Amino acid sequence: MQMASPTEAMGAADGRLVDLVDGLLNHGVVLRGGLWLSVAEVDLVFLGVDVVLTTPQKMRGLQ
Amino acid sequence: MNDIAIGWSTIDAPCPPDIGRTIMGPLVILSLPSEQARTPRMRMQQQVRCFEFGTDLLPQAPQMMTIQREATALADAQTPQLLEGLSRIFNSGQMTLSLGVLPTIPCTSTAPSHWLRDRQSQRARANATAAQMTQAMHDLTHGFTSCSLSQYDHACGSVTCDVLISRNAVAVTRARIAERAADLPQAIRSLHVTGLWPAYAFANLHTPKTELVPA
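Since the model is a prediction, treat every value here as computed from it, not as a measurement.

**What about the overall build of chain B?**
Secondary structure summary: chain B contains 5 helices and 10 strands in total. Per-residue burial over chain B gives 46% buried out of 215 residues. For chain B, long-range pairs separated by at least 24 residues make up 73% of all intrachain contacts whose partners lie at least 6 apart in sequence. Here chain B displays about 10600 Å² of accessible surface, and carbon together with sulfur accounts for 56% of that area.

The structure is reproduced here in structure tokens:
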């Protein structure tokens, strides 16, 4: 059993800890495009997509 | 206004002095200049720093780069959801547990009949491993009220579970897990326990519903 603080985990070279931190990067609040369609309080359809809202310049800078 | 939002908090929460605070009613948007939050890992480091300072933080997913204006729009549109999320994680953080076995070895047979048979037995072994790992994680986290369990990852040979615990229960929780780890099946090669993290896995927002009125 190996224990690590967040700082240790983020600086670790151990493959399992790197995977673990990478997994956390995707969690948290995301801006989500979503729409519930319902009639008379009966849910019929959910449309959802995760979106990145940013400028083209910033996207080019990230690539 | 090119600051990058790293999360939301409440107006009365403590916060490191160099973190930007934009007050919106009962909510506060926490942000940083873009050069200090360029990459997902940089954003995560800042969120961890805030959390360790004592900020109750509903963290923005580090993978997402959200500018201040977008975070403001979200706070405007979803104030009740953000407040509900903040109350869920009040004075708490997540401990992340990861169990690992050796990854499944891909079959190497080339003869069609052998290949199919090998694939079947490989799949049966993988399913048995997944069930064993999931059960072991359930046993390890039994009694924790808020858990978020991942699917078993066949490629990595691991299963992960995030547990929401009080900030002052870290030592007790580590001791409890260490005690239970003694009973893990021998096939399990590793157990990693990390934390306390900001409550990433418990920061989901619920999408508001839109009601269609029949004509």
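**Comments concerning the interface of chain B and chain A**
Opposite the 53 residues of chain B that make contact, chain A presents 41 residues. Interface area for chain B against chain A, summed over the two sides, is near 4000 Å², with a carbon-plus-sulfur share of 63%. Remark: the boundary between chain B and chain A carries 1 salt bridge. Its salt-bridge partner being Asp22(A), residue Arg41(B) comes within 3.4 Å of it at the nearest N-O pair. At the junction of chain B with chain A, the criterion picks out 13 residue pairs in polar contact (both at pLDDT 80 or more). If you tally residues by element for the side of chain B that touches chain A, the top one is strand β9 (residues 190–197) of chain B, at 8 residues. As paired elements, strand β1 (residues 2–4) of chain A and β9(B) share 3 bridges and run parallel to each other. The residue of β9(B) that forms the bridge with Met3(A) is Val193(B).

Cut-offs applied
Residues numbered from 1 in each chain as written. Chains lettered and ligands numbered in written order. Predicted model: local features only at pLDDT ≥ 70, side-chain atom pairs only at ≥ 80, totals over all residues. Heavy atoms only, no water. Helix = DSSP H or I, 4+ residues; strand = E, 2+ residues; numbered from the N terminus. Buried < 20%, exposed > 50% of the residue type's maximum accessible area, 1.4 Å probe, protein only. Contact = heavy atoms within 4.5 Å. Areas by Shrake-Rupley, 256 points an atom, 1.4 Å probe, with all protein chains shown as cover. Buried area = accessible area lost by both parts, 1.4 Å probe. Salt bridge = Lys/Arg side-chain N within 4 Å of Asp/Glu carboxyl O. Polar contact = N/O pair within 3.5 Å; in protein donor to acceptor, adjacent residues only side chain to side chain. Pairing = 2+ DSSP bridges.

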